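These are the residues of each chain, in order.
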Amino acid sequence: MAEISSKVNLLLLGMSGRGKSATLKSIVMKKGIKILGGWKTVTDISQVEECTFEGCHINVVDTPGLFSTNVASEEENIKRFQEEVQKAFETFHEGFHALVLVLSYGPRFGQEDVQTIQILKNVLKDKNCLRTHGVVLVTNGDNFNSDVEGTDTTFIQWCEEQRGPMGAVFEECSFRCVLFNNVTDDTTTLDKQRKQLIEVVKNIKTKQYYFKEHSIQKSGQSSVFLFIRHQWQKVVSYVLNFF
């Protein structure tokens, strides 16, 4: 049984450009994920960060976004995504409490979003992965709040009103949905968002880690690489923050 009260492992998934990297920064309360050589604006490899919030240790893995314009071909993009997801499960061998699907408020939920979800299910070889462990995190919360200002519409009410493919995704995840504003510097708002995310994860009925040791094709690369990246990122971040 997963000890959600003391530790939470989160796997961020989704299409490129939906705000996964910004969400990672909001969860761990960092202005930017620094790496050797400068700032990384697009996730080409998995980023691993951790923080402690209200006594809960949070591990977050941000996987490469699908349909990235930085990749030569769709086939290469899917292969890289599959390899990085595999390494994430190898590194966090106990599994993840939640598969966090990052969508964006505003842009039309299109065919590429639908394909992203299908690719995820194919990679995990589990058509029920979102039904059992999926959480939908919607970015651009500042735009949502502006649009509903002066009305009584809550975020969950808006989710329940959606139809078509987006509404189907919300329903598939049993409306385990969270709204994130990734542009705010207000610590009260950021803390409220993190608390809501943790509460939604706690409400996943299975109360068990999502663990698929044999479901993903082996990439042939050791999880040591992801672990080394994680440790190196922490060292560089510490040094840059110190100076």
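Before reading on, note that the structure itself is shown above.
Owing to the predicted nature of the structure, the values given are computational and were not obtained by experimental measurement. (Residues numbered from 1 in each chain as written. Predicted model: local features only at pLDDT ≥ 70, side-chain atom pairs only at ≥ 80, totals over all residues. Heavy atoms only, no water.)

## Brief notes about the nonpolar core
Nonpolar side chains in soluble globular proteins tend to be buried together.
Line of reasoning, step 1. Grouped together as the largest cluster of nonpolar side chains are 39 residues, with contacts concentrated most on Leu11, Phe81, Leu124, Val136, Phe155, Trp158 and Phe170.
Line of reasoning, step 2. Looking at which element gives the most residues to this core, the answer is helix H3 (residues 111-124), with five residues.
Line of reasoning, step 3. Once you skip the residues sitting within four places of it in the chain, tryptophan 158 turns out to touch Tyr105, Phe144, Thr153, Met166 and Phe170.
Line of reasoning, step 4. Listed in part, the 23 residues of the second largest apolar core include Ile27, Cys51, Val178 and Ile198. (Core = buried A, V, L, I, M, F, W, Y, C linked by side-chain atoms within 4.5 Å. Buried < 20%, exposed > 50% of the residue type's maximum accessible area, 1.4 Å probe, protein only. Helix = DSSP H or I, 4+ residues; strand = E, 2+ residues; numbered from the N terminus. Contact = heavy atoms within 4.5 Å.)

## Describing the pattern of salt bridges
Line of reasoning, step 1. Here the structure, examined in full by the defined rule, presents seven salt bridges.
Line of reasoning, step 2. Across the pair glutamate 84 and lysine 87 runs a salt bridge, and its minimum N-O distance is 3.0 Å. Note that glutamate 84 and lysine 87 are positioned in helix H2 (residues 74-91) at a spacing of three residues, about one turn of the helix.
Line of reasoning, step 3. For lysine 87, a relative accessible area of 3% gives the class buried.
Line of reasoning, step 4. Between aspartate 191 and arginine 194 there is a salt bridge, and its shortest N-O distance comes to 3.1 Å. On the criterion of helical spacing, the pair formed by aspartate 191 and arginine 194 is a turn pair, its members being three residues apart in helix H8 (residues 187-202).
Line of reasoning, step 5. By relative accessible area, arginine 194 is classed as buried at 7%. (Salt bridge = Lys/Arg side-chain N within 4 Å of Asp/Glu carboxyl O.)

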